[in-house]
Amino acid sequence: MRHHLLIIDPQNDFCDLPPAALPVSGANADLQRLAQLISRHGEQLDGITVTLDSHHRYDIAHPAFWRGPNGESPLHTPISLEDVDSGRWLPADPSLLAEVRAYLQQSSLYVWPPHCLVGSWGHNIQQNLNEALQQWECQRQRVMQLLFKGLNPLTEHFSAFEADVPRADDPATCFDRSQLPPLLAADRVLIGGEALSHCVASSVRSLLRHLGPDFARKLILLEDCSSPVPGFEAQAQDFVTEISRLGARLQRSTTVFD
């Protein structure tokens, strides 16, 4: 039986460690458990895919992109089409007004603190997990697959596999089946990472939307290796219920290979 480990956004900025930009309660322990799983059962893992949230400081979901009437920037703020049309929030670059309006007609938007900035500490993989991944590469004499998401500043990218609003001028924002052979070849796909309520849920839903609901039967959500953003526990539970009904299983990292 072939096992593939899919780790969503296991980065410092999501860990409950200072000075993380968007700490998720329990994330550091989640990723330590993933590290232990890899160290103990690396021989049984035929492949590993790691997704990395990767942003510029200037990004549609970061404060620098927006301005209020008095020059202020939003933070932890939803922005709607009505907010733009009323002038409450406008793009700092006025030439993007039409593009922003079109975006908000298709998707909701929330302005987060700048996070997972490429080249920063926050973008790096959590230390214990990174060490285990490096050891696995040497042990198995193969490399993990790295998928970068979020580099286009004009669209959000919660899912590892497609942006919230894919752009025709940027293939990296669109679903790309060529990234998936390792997952398709596996008999079981183990899933962990952050955050359960957001990027984990969005990534799995993208896979099921494009590959069909039967793909869920391959999935094992490592329930002790993923946590929701605080305040979004209900959304995380809705996601778990949804995939469980389709045949996905929940297991702890300590028992998945028993």
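Cut-offs used in this document
- Residues numbered from 1 in each chain as written.
- Predicted model: local features only at pLDDT ≥ 70, side-chain atom pairs only at ≥ 80, totals over all residues.
- Heavy atoms only, no water.
- Pairing = 2+ DSSP bridges.
- Helix = DSSP H or I, 4+ residues; strand = E, 2+ residues; numbered from the N terminus.
- Axes fitted to C-alpha atoms, helices over the stretch in contact; angles between N-to-C directions.
- Contact = heavy atoms within 4.5 Å.
- Buried < 20%, exposed > 50% of the residue type's maximum accessible area, 1.4 Å probe, protein only.
- Polar contact = N/O pair within 3.5 Å; in protein donor to acceptor, adjacent residues only side chain to side chain.
- Patch = residues over 30% accessible without salt bridge, like charges linked within 9 Å, V, L, I, M, F, W, Y side chains within 5 Å.
- Areas by Shrake-Rupley, 256 points an atom, 1.4 Å probe, with all protein chains shown as cover.
- Salt bridge = Lys/Arg side-chain N within 4 Å of Asp/Glu carboxyl O.
- Phe/Tyr/Trp six-rings, centres within 6.5 Å; stacked < 30°, edge-to-face > 60°.
- Lys NZ or Arg CZ within 6 Å of the ring centre and 35° of its normal.
- Disulfide = S-S within 2.5 Å.
- Parallel < 35°, antiparallel > 145°, perpendicular 65-115°, else oblique.
- Left-handed = near helix turned anticlockwise from the far one by under 90°.
- Nonpolar A, V, L, I, M, F, W, Y, C, P; charged D, E, K, R; others polar.

Draft legend 1. Examining the sheet that holds strand β7 (residues 145–149) more closely. Here we have six strands laid out as an open sheet, ordered β7-β2-β1-β8-β9-β10, and parallel in their pairing. The open sheet terminates on both sides in strands that have one partner only, identified here as β7 and β10 (249–251). Across the sheet, the mean angle from the axis of one strand to that of its neighbour is 25°, orientation sign disregarded. Note: strand β2 (residues 47–53) against β7, five bridges, orientation parallel. Each residue of the ladder has a partner; that of Thr49, found in β7, is Gln145. Sheet strands in contact with helix α1 (residues 27–41) are β1 (3–8), β2, β8 (188–193) and β9 (219–222), and its direction is about 160° off that of β1.

Draft legend 2. Representation of the environment of His76 in the model. Summarising the element assignment, His76 is placed in the loop between β3 (66–67) and β4 (77–79). The class of His76 is partly exposed, set by a relative accessible area of 42%. Residues within four places of His76 in sequence aside, it is in contact with Leu22, Tyr110, Val111, Trp112 and Pro113. For His76, the side chain forms a polar contact with the side chain of Tyr110, separated by 3.2 Å.

Draft legend 3. Layout of a nonpolar patch on the surface. There is a patch of nonpolar side chains on the surface, built from Val118, Leu146, Phe148 and Leu151 and spanning about 350 Å² of accessible area. When you line up the elements, Leu146 lands in strand β7.

Draft legend 4. Focus on the packing of aromatic side chains. The tally for this structure, following the rule as stated, stands at four aromatic pairs. Arranged with centres 6.5 Å apart and planes meeting at 70°, the rings of Trp112 and Phe158 form a pair that is edge-to-face. With Trp112 in the loop between β6 (109–111) and α4 (127–140) and Phe158 in the loop between β7 and α5 (181–185), the pair connects residues that are 46 residues apart, well separated along the chain. In textbook terms, an aromatic cluster arises when at least three aromatic residues are bridged by ring pairs, as seen for Tyr58, Phe65 and Trp66. A cation sits over an aromatic face here: Arg88 above Trp89, 4.1 Å from the ring centre.

Draft legend 5. Spotlight on the state of the cysteines. Applying the stated criterion to the full structure yields zero disulfides. Of all cysteine sulfurs in the structure, the one in Cys116 sits closest to Cys199, which takes part in no disulfide; the separation is 8.4 Å.

Draft legend 6. The packing of helix α6 (residues 196–211) against helix α7 (residues 233–245), seen in detail. In the contact formed by α6 and α7, the axes pass within 9 Å of each other and the chain directions differ by 25°. It follows from the interaxial angle that α6 and α7 lie roughly parallel. In terms of crossing hand, the pair formed by α6 and α7 is left-handed. Seen from α6, the contacting residues are Leu196, Ser197, Val200, Ala201, Val204, Arg205 and Leu208; seen from α7, they are Ala236, Asp238, Phe239, Val240, Glu242 and Ile243. Residue composition of the contact of α6 with α7, grouped by class: nine nonpolar, one polar and three charged.

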